[in-house]
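Structural overview for review
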Amino acid sequence: MLLQDYISKTLPDTICLEFLPALPKAWIKGKAKGICVRGGYEVDLIWNEGKFQKAVITSQNGGNLHVYTYSKLEVIDCKKGTREIHIPERNSIIIRALAGHTYEINAQ
């Protein structure tokens, strides 16, 4: 309901993440912390009005993340202090995560 993760069939060594794929209508606002996903990632999520607002992804091992989204996103590498705005191509973005880094993803 909150997060779907799976291994990409088309992109080698890539974990796919989809935020809030089946959020119940009654859960208009909320947050979840410490969701463990494949590849050694931990995800915290926040949503409001039934829509994705923010995710914080901590990477233990590094690798490629294919994040599905339907809005423009800001991605912040918290360790490097870099910010990037991504306009999704085909409703997704790819983050090349580094081991030990935390990434903050904000809906714009």
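Scroll up a little and you will see the structure.
Below is a short write-up of the structure. Because the structure is predicted, anything quoted here is derived from the model rather than measured. (Residues numbered from 1 in each chain as written. Predicted model: local features only at pLDDT ≥ 70, side-chain atom pairs only at ≥ 80, totals over all residues. Heavy atoms only, no water.)

**Brief notes about the pattern of salt bridges**
Using the criterion set out here, one finds two salt bridges in the structure. For Arg38, the salt bridge is made with Asp5, and the minimal N-O distance between the two is 3.4 Å. Here Arg38 is found in the loop between strand E3 (30-37) and strand E4 (41-48), whereas its partner Asp5 is found in strand E1 (residues 3-7), with 33 residues between them in sequence. Classification of Arg38 by relative accessible area gives partly exposed; the value is 41%. (Salt bridge = Lys/Arg side-chain N within 4 Å of Asp/Glu carboxyl O. Helix = DSSP H or I, 4+ residues; strand = E, 2+ residues; numbered from the N terminus. Buried < 20%, exposed > 50% of the residue type's maximum accessible area, 1.4 Å probe, protein only.)

**Describing the environment of Phe52**
Along the chain, the position of Phe52 falls in strand E5 (residues 51-59). Since its relative accessible area comes to 13%, Phe52 is described here as buried. Between the alpha carbons of Phe52 and Gly30 there is a distance of 9.9 Å; along the sequence they are 22 residues apart. When sequence neighbours within four positions are dropped, the list of residues in contact with Phe52 reads Phe19, Leu20, Leu45, Ile46, Trp47, Leu73, Ile105 and Ala107. (Contact = heavy atoms within 4.5 Å.)

**Brief notes about the layout of surface pockets**
In this structure, the second largest pocket occupies an estimated 180 Å³ of space. Around the second largest pocket sit twelve residues that line it, and Asp77, Thr82, Glu84, Arg96 and Tyr103 are the ones nearest its centre. Those elements that provide at least two residues to the lining of the second largest pocket are strand E7 (73-77), strand E8 (82-86) and strand E9 (92-97). Across the lining of the second largest pocket, the residue classes break down as six nonpolar, two polar and four charged. (1 Å grid on protein atoms, 1.4 Å probe; cavity = no way out; pocket = protein on both sides within 12 Å on 5 of 7 lines; lining within 4 Å. Points joined across faces, edges and corners; volume = space filled by probe spheres on them. Nonpolar A, V, L, I, M, F, W, Y, C, P; charged D, E, K, R; others polar.)

**Describing the side chain of Asn106**
If you trace the backbone, Asn106 turns up in strand E10 (residues 102-107). Only 3.0 Å separates the side chain of Asn106 from the side chain of Glu104, close enough to count as a polar contact. Discounting residues that sit within four places of it in the chain, Asn106 has contacts with Gln53, Lys54, Lys72, Leu73, Glu74 and Ile76. (Polar contact = N/O pair within 3.5 Å; in protein donor to acceptor, adjacent residues only side chain to side chain.)

**Things to note about the sheet that holds E9**
As a general point, the strands of a sheet are linked pairwise by backbone hydrogen bonds and lie either parallel or antiparallel. Ordered by their spatial adjacency, four strands build an open sheet running E1-E2-E6-E9, and the pairing between neighbours is mixed. In this open sheet, the two edge strands, each paired with only one partner strand, are E1 and E9. The mean angle between the axes of side-by-side strands here comes to 25°, regardless of whether they run parallel or antiparallel. Here five bridges tie strand E2 (residues 14-19) to strand E6 (residues 63-68), and the two strands are oriented parallel to one another. Pairing of Cys16 across the sheet is with His66, part of E6. (Pairing = 2+ DSSP bridges. Axes fitted to C-alpha atoms, helices over the stretch in contact; angles between N-to-C directions.)

**Here's the deal with the environment of Glu49**
Checked against the element boundaries, Glu49 lands in the loop between E4 and E5. Sequence-wise, Glu49 and Trp27 are 22 residues apart; in three dimensions their C-alpha atoms are separated by 8.5 Å.

Keep in mind that these numbers describe shape and distance, not what the molecule does.
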